[in-house]
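One letter stands for each residue in the lines below.
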Amino acid sequence: MQDFKFDTMPSNTADQSPDSGTTAMSLKDTELTLGLPGGAQVVIVGGKSCSKRGYTDTVDFRSRCCSGESSAKAEQVDWPGNEISGPGNAPDSKAQVVGWPPVRSGRKKALKSCKYVKVAVDGAPYLRKVDLEVHRSYQQLLMALETMFDCFTIRRNDLEESKIMNPVNGAEYVPTYEDKDGDWMLVGDVPWNMFVESCKRVRLMKSSEAIGLAPRTPSCTSTT
Amino acid sequence: MGYSFPEEVLEHVLSFIDSDSDRNSVSLVCKSWHDIERWCRRRLFVGNCYAVSPAIAIRRFPELRSVSLKGKPHFADFNLVPHEWGGYAYPWIAAFAEAYPWLEELRLKRMVVSDEALELIAKKFKNFRVLVMYSCEGFSTDGLATIAANCRNLKELDLSESEVDDVSENWLCQFPDSYTSLESLNITSLSSEIRFSGLERLVGRCPNLKTLKLSHSVPLDLLPNLLQKAPQLVELGSGLHTKEVHPDLYSKLAGAFSGCKGLKRLCGLWDVVPSYLPTLYPICFGLTSLNLSDAPIQCPELIKLVSQCQNLQRLWVLDYIEDTGLNALAESCKDLRELRVFPSDPFGQEPNVSLTEQGLVSVSAGCPKLHSVLYFCRRMSNVALSTIARNRPNLTRFRLCIIERFCPDYITLEPLDVGFGAIVEHCKDLKRLSLSGLLTDRVFEYIGSHGKKLEMLSLAFAGDSDLGLHHVLSGCKSLRKLEIRDCPFGDKALLENAAKLETMRSLWMSACQVSYRACKLLGQKMPRLNVEVIAEQGHPDLSPDEYPVEKLYIYRTVSGPRSDMPSFVWTMDKNPALRSS
């Protein structure tokens, strides 16, 4: 049984700490790592010494790790690995690591693809985002929007037609959306699936301003 | 030798021996048994298509009828193996076409199969019966059309998880009207529309059809007709979604399901409309396997469904089932043997469901036959793992994925070494283990000392030093496959345990700390290993020898370095001195 001694070699955990994949030291500067621009970028592998990552990243890492305080162990292991990220990551977003968690790509396709679009309401001071994939109909979408913005409600009359209006000033809104071609359309005109496909963002426009779009009041029926 | 044992008698006896390892043992008894055995072996399993060449396989076993081949390493499932790494089926099929005109079955896993290869199968094997391509790629529906048109005796066509180029919608129609032998069809991975009339006619004229797994594109409206034509179905995969709600579709569907008295396995249910779920209730009692891992069904409906499946042996489900659902499972399904819980939102930062370690603990307590577990969750504790280990010493497969990397025990904030240690200590028959969470070298000490039956181990973001790897390689006597990513394991452990690698099928290491120098050394010292270095960023010769390689795949082989490597893979030289410089 062949058994051979390990040859003397430079330690792998020296301050050199070559990151996997770099070919020359000069490339280190251009390497993508986690951390804010200008922050120290040293990545230590091998469980020794500490990581000099940007503060936000350490905080980010801890807060993500199931509890308030992580052990020293947790802090020092941080791999260049196969991380894909760019400088200037917002603290909230975590760099996604290739192949982690280990779900098959086929399975990933089967899950929600998360079609987030921005929703603006005329007169409201803020934008919200809504995931169109989560909803199955215009009805559901409008209900979600009603929850999101407290400046309007949806009134339903006997004819099952919905009107979006601001109860305070009586203003009526027309839901419109921008499609792939950059055109502004009325929400509800096309089948739901087609809408999800082509919608880039949504704007609840004041009726008074909705000139140039189809003249009739949009009725949001329960089309799936 | 006082007498000679008639060959025919031995052959007859051997015909009752199916297991590969038993057959291998038989062939080691003596030369004549070796010879007799090789002539009568009909099935061959090749776990790594590069471990042996087609020529060697054919020379040893001249009369095969059934071959299984595996290509890419398991981590290819998670995009860690670069595209075009290898695993081509064509050379095997071409060699078989010459040597085995009577080949009946081909089962391929993670291989690249071209349309030309499919054409060879269709035209060269006159009695071809079974084609299974699990997680394969490289072929189109044109290749399938050739199979359909030519394989008169085809019983099984299974394309699970394969990537198929959908270029023609009517390949199913290529099965001639006279073709009636279909028993199993799995086309779940096909994305585009198929000719439904062709499918209906096919199902209608194949009385032995037992397994039918359809693709997303088959509309719900079609299902009652299909089920009525195939009430003998044992396994069904279908969606339950429709764009329009028909009142009589519901009753037609309910009636059709009730008619399938022998239905035992159910999967699919993508985009299921919850109001259609009750159509399944009549068949729940008979189900032994339920795969809801593609079904966005929420907890209350899941509980209603699962509580009626008292004979369930296997459940695959999304984490929508939550702890409450798993409690219900533990109470209702006492025959459960296998549980897989997949994440509905694996890349989300926050938990979107109330599924914790408690669900798994409940099932481990309530289901005495549970032996196979795959569980994604967002927190774990040592005490939970120890409880699971004590509840279920009969575990043979335990794969835990805590979604957050480096996640410690959420109660004590310690590493999860002790918990996993309990698993390997109590579960003496454990064959497969995947670790996650915060882990030090300690866990590998436990694994090395207790994991004597462990055959496959998957590691990610774990350990402190080479000692971890050394414990595993020196302690796990039965280890066949080891796959490691992002762990601080380097040269020392690998080189000191080099001999171990010849007793294993393969070792994968990516984003670790094995230097190029060590790879070269290993390649030289171990001629019966292929030491493949994968370096997409450029030839490793361009950087210092001490630099770690990106990815490393080491496997034993009797056919030397392969000749079909892409530009970014290098097999370490076995005889560098012989090379002219």
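Just so it is clear, the model here is predicted, and its values are computed rather than measured.

1. A short note on the overall build of chain A
Scanning chain A from N- to C-terminus turns up five helices and nine strands. Along the chain direction, N to C, the helices and strands of chain A fall in the order α-α-β-β-α-β-β-α-β-β-β-β-α-β. Across the 224 residues in chain A, those meeting the buried criterion constitute 42%. Within chain A, contacts between residues at least 6 apart in sequence are counted, and of these 48% link residues at least 24 apart. With the model as given, the accessible surface of chain A reaches about 12700 Å², and the carbon-plus-sulfur share is 54%.

2. Here we look at the overall build of chain B
Scanning chain B from N- to C-terminus turns up 21 helices and 23 strands. Counting only residues that meet the buried cut, chain B has 59% of its 581 residues in that class. Across chain B, every contact between residues at least 6 apart in sequence was considered, and the portion connecting residues at least 24 apart equals 71%. Accessible surface for chain B amounts to roughly 22600 Å². Of this, 51% is attributable to carbon and sulfur atoms. Averaged over its 66 positive side-chain charges, chain B has a centre that lies 6 Å from the centre of its 70 negative ones.

3. Focus on the packing of aromatic side chains
Throughout the structure, instances matching the rule amount to 22 aromatic pairs over all chains. With 4.7 Å between their ring centres and 85° between their planes, A:Tyr177 and A:Phe195 make a pair best called edge-to-face. Separated by 18 residues along the polypeptide, A:Tyr177 in strand β7 (residues 172-179) and A:Phe195 in helix α5 (residues 192-198) bring together distant segments of the chain. With relative accessibility at 2%, the residue A:Tyr177 sits in the buried group. Classification of A:Phe195 as buried rests on a relative accessible area of 0%. Site record: aromatic cluster; members linked through ring pairs are B:Tyr50, B:Phe75, B:Phe78, B:Trp85, B:Trp508, B:Tyr553 and B:Tyr555. One residue, B:Arg379, lies across the ring of B:Tyr410, its end atom 4.0 Å from the ring centre. A cation over a ring is seen here: B:Arg562 above B:Trp85, with NZ or CZ 4.4 Å from the ring centre.

4. Quick look at the UniProt feature "domain: F-box" (unreviewed entry) in chain B
In the numbering adopted here, UniProt assigns the feature "domain: F-box" (unreviewed entry) to residues 5-46 of chain B. Within the segment residues 5-46 of chain B, helix and strand shares are 60% and 10% respectively, and the terminal C-alpha atoms sit 31 Å apart.

5. Some details on the nonpolar core
Ranked by internal contacts, the top residues of the largest apolar core, which has 199 residues, are B:Phe398, B:Leu482 and B:Leu494. With 24 residues, the next largest nonpolar core counts A:Phe149, A:Val187, A:Cys199 and A:Val202 among its residues.

6. With respect to the side chain of B:Ser510
Residues and elements named next belong to chain B. Tracing the backbone shows Ser510 in strand β20 (residues 506-510). The class for Ser510 is buried, based on a relative accessible area of 0%. Of note is the side chain of Ser510, whose polar atom sits 3.1 Å from the side chain of Trp508. Beyond its immediate stretch of four places on either side in the chain, Ser510 contacts Leu80, Ile484, Arg485, Asp486, Glu550 and Lys551.

7. Digging into the confidence of the model for chain A
Residues and elements named next belong to chain A. On average, chain A scores 59 in pLDDT, and the residues at 70 or more come to 42%. At the low end of the mean pLDDT range in chain A sits helix α1 (residues 55-64), at 34; at the high end sits strand β8 (residues 184-186), at 88. Note on residues 31-93: pLDDT under 50 across the span, and 117 contacts to partners over four residues away in sequence or across chains.

8. Some words on the pattern of salt bridges
Oppositely charged side chains can pair when the atoms bearing their charge come close. Summed over all chains, the structure comprises 29 salt bridges over all chains. Residue B:Glu357 pairs with B:Arg379 through a salt bridge whose shortest N-O separation is 2.8 Å. With B:Glu357 in helix α14 (residues 357-366) and B:Arg379 in the loop between β15 (372-377) and α15 (382-391), the pair connects residues that are 22 residues apart, well separated along the chain. Using a relative accessible area of 0% as the deciding quantity, one classes B:Glu357 as buried. B:Arg480 is the salt-bridge partner of B:Glu455, the closest N and O atoms lying 3.1 Å from each other. In this pair, B:Glu455 is assigned in the loop between α17 (441-450) and β18 (456-460) and B:Arg480 in the loop between α18 (466-475) and β19 (481-485), connecting sequence segments 25 residues apart. Each of A:Arg104, B:Asp77, B:Arg110 and B:Glu161 takes part in a single network of salt bridges with overlapping partners.

9. Side note on the packing of helix α1 (residues 7-14) of chain B against helix α3 (residues 31-40) of chain B
Residue and element names in this part refer to chain B. In contact at an axis separation of 10 Å, α1 and α3 are set at 55° when each is read in the N-to-C sense. When the axes of α1 and α3 are compared, the pair comes out oblique. Of the two elements, α1 crosses α3, and the hand of that crossing is right-handed. On α3, the residues that touch Glu7, Leu10, Glu11 and Leu14 of α1 are Trp33, Ile36, Glu37 and Cys40.

10. Observations regarding the pairing of strand β3 (residues 105-109) of chain B
Two faces, one strand: in a regular strand the side chains alternate between the faces of the sheet. Residue and element names in this part refer to chain B. Direction of pairing for strand β2 (residues 66-70) relative to β3: parallel, over a ladder of five bridges. Across the sheet, residue Ser66 finds its bridge partner in β3, namely Glu105. The pairing of β3 with strand β4 (residues 130-134) spans five bridges and is classified as parallel. If you follow Leu106 over to β4, its bridge partner there is Leu131. Taking the sense of rotation as the criterion, the β-α-β connection linking β3, helix α6 (residues 115-124) and β4 turns out right-handed.

11. Quick word on the side chain of B:Asp466
Residue and element names in this part refer to chain B. Looking at where Asp466 falls in the secondary structure, it is placed in helix α18. Buried charge Asp466 goes without a salt bridge, the closest partner of opposite sign being Lys492 at 6.7 Å. At 3.0 Å, the side chain of Asp466 forms a polar contact with the backbone nitrogen of Lys492. Excluding anything up to four places from it in sequence, Asp466 contacts Pro488, Phe489, Gly490, Asp491, Lys492 and Ala493.

12. Looking at the packing of α17(B) against α18(B)
All names here are of chain B. Taken N-terminus to C-terminus, the directions of α17 and α18 make an angle of 5°; their axes are 8 Å apart at the nearest point. The angle between the axes of α17 and α18 places the two elements in the roughly parallel class. Taking contact as the criterion, the partners of Asp441, Phe444, Glu445 and Gly448 in α17 are, on α18, Leu467, Gly468, His471, Val472 and Gly475. Residues of the contact of α17 with α18, tallied by class, amount to three nonpolar, four polar and two charged.

13. Section: the environment of A:Asp189
Structurally, the position occupied by A:Asp189 is in the loop between β8 and α5. Each C-alpha atom, one on A:Asp189 and one on A:Asp131, is 19 Å from the other, the two residues being 58 residues apart in sequence.

14. With respect to the environment of B:Leu336
Residues and elements named next belong to chain B. Inspection of the secondary structure assignment puts Leu336 in the loop between α13 (322-332) and β14 (338-342). Leu336 sits 119 residues away from Ser217 along the chain, and the two C-alpha atoms are 32 Å apart. With residues near it in sequence (within four places) discarded, Leu336 still touches Leu312, Gln313, Arg314, Leu315, Leu329, Val363, Cys367, Lys369 and Leu370.

15. Re the state of the cysteines
All names here are of chain B. For the coordinates displayed, the defined rule picks out zero disulfides over all chains. Left unpaired, Cys267 is separated from the closest cysteine sulfur, that of Cys309, by 14 Å. Under the relative-accessibility criterion, Cys267 is labelled buried at 11%. Cysteine Cys333 is unpaired, with the sulfur of Cys309 as its nearest cysteine sulfur at 6.2 Å.

Parameters and conventions
- Residues numbered from 1 in each chain as written.
- Chains lettered and ligands numbered in written order.
- Predicted model: local features only at pLDDT ≥ 70, side-chain atom pairs only at ≥ 80, totals over all residues.
- Heavy atoms only, no water.
- Helix = DSSP H or I, 4+ residues; strand = E, 2+ residues; numbered from the N terminus.
- Buried < 20%, exposed > 50% of the residue type's maximum accessible area, 1.4 Å probe, protein only.
- Contact = heavy atoms within 4.5 Å.
- Areas by Shrake-Rupley, 256 points an atom, 1.4 Å probe, with all protein chains shown as cover.
- Lys, Arg positive; Asp, Glu negative; His and termini not counted.
- Charge placed at Lys NZ, Arg CZ, Asp CG, Glu CD.
- Phe/Tyr/Trp six-rings, centres within 6.5 Å; stacked < 30°, edge-to-face > 60°.
- Lys NZ or Arg CZ within 6 Å of the ring centre and 35° of its normal.
- UniProt positions renumbered as here; feature names shortened; annotations may be inferred.
- Core = buried A, V, L, I, M, F, W, Y, C linked by side-chain atoms within 4.5 Å.
- Polar contact = N/O pair within 3.5 Å; in protein donor to acceptor, adjacent residues only side chain to side chain.
- pLDDT = per-residue confidence, 0-100.
- Salt bridge = Lys/Arg side-chain N within 4 Å of Asp/Glu carboxyl O.
- Axes fitted to C-alpha atoms, helices over the stretch in contact; angles between N-to-C directions.
- Parallel < 35°, antiparallel > 145°, perpendicular 65-115°, else oblique.
- Left-handed = near helix turned anticlockwise from the far one by under 90°.
- Pairing = 2+ DSSP bridges.
- Right-handed = clockwise from strand over helix to strand, strands pointing away.
- Nonpolar A, V, L, I, M, F, W, Y, C, P; charged D, E, K, R; others polar.
- Disulfide = S-S within 2.5 Å.

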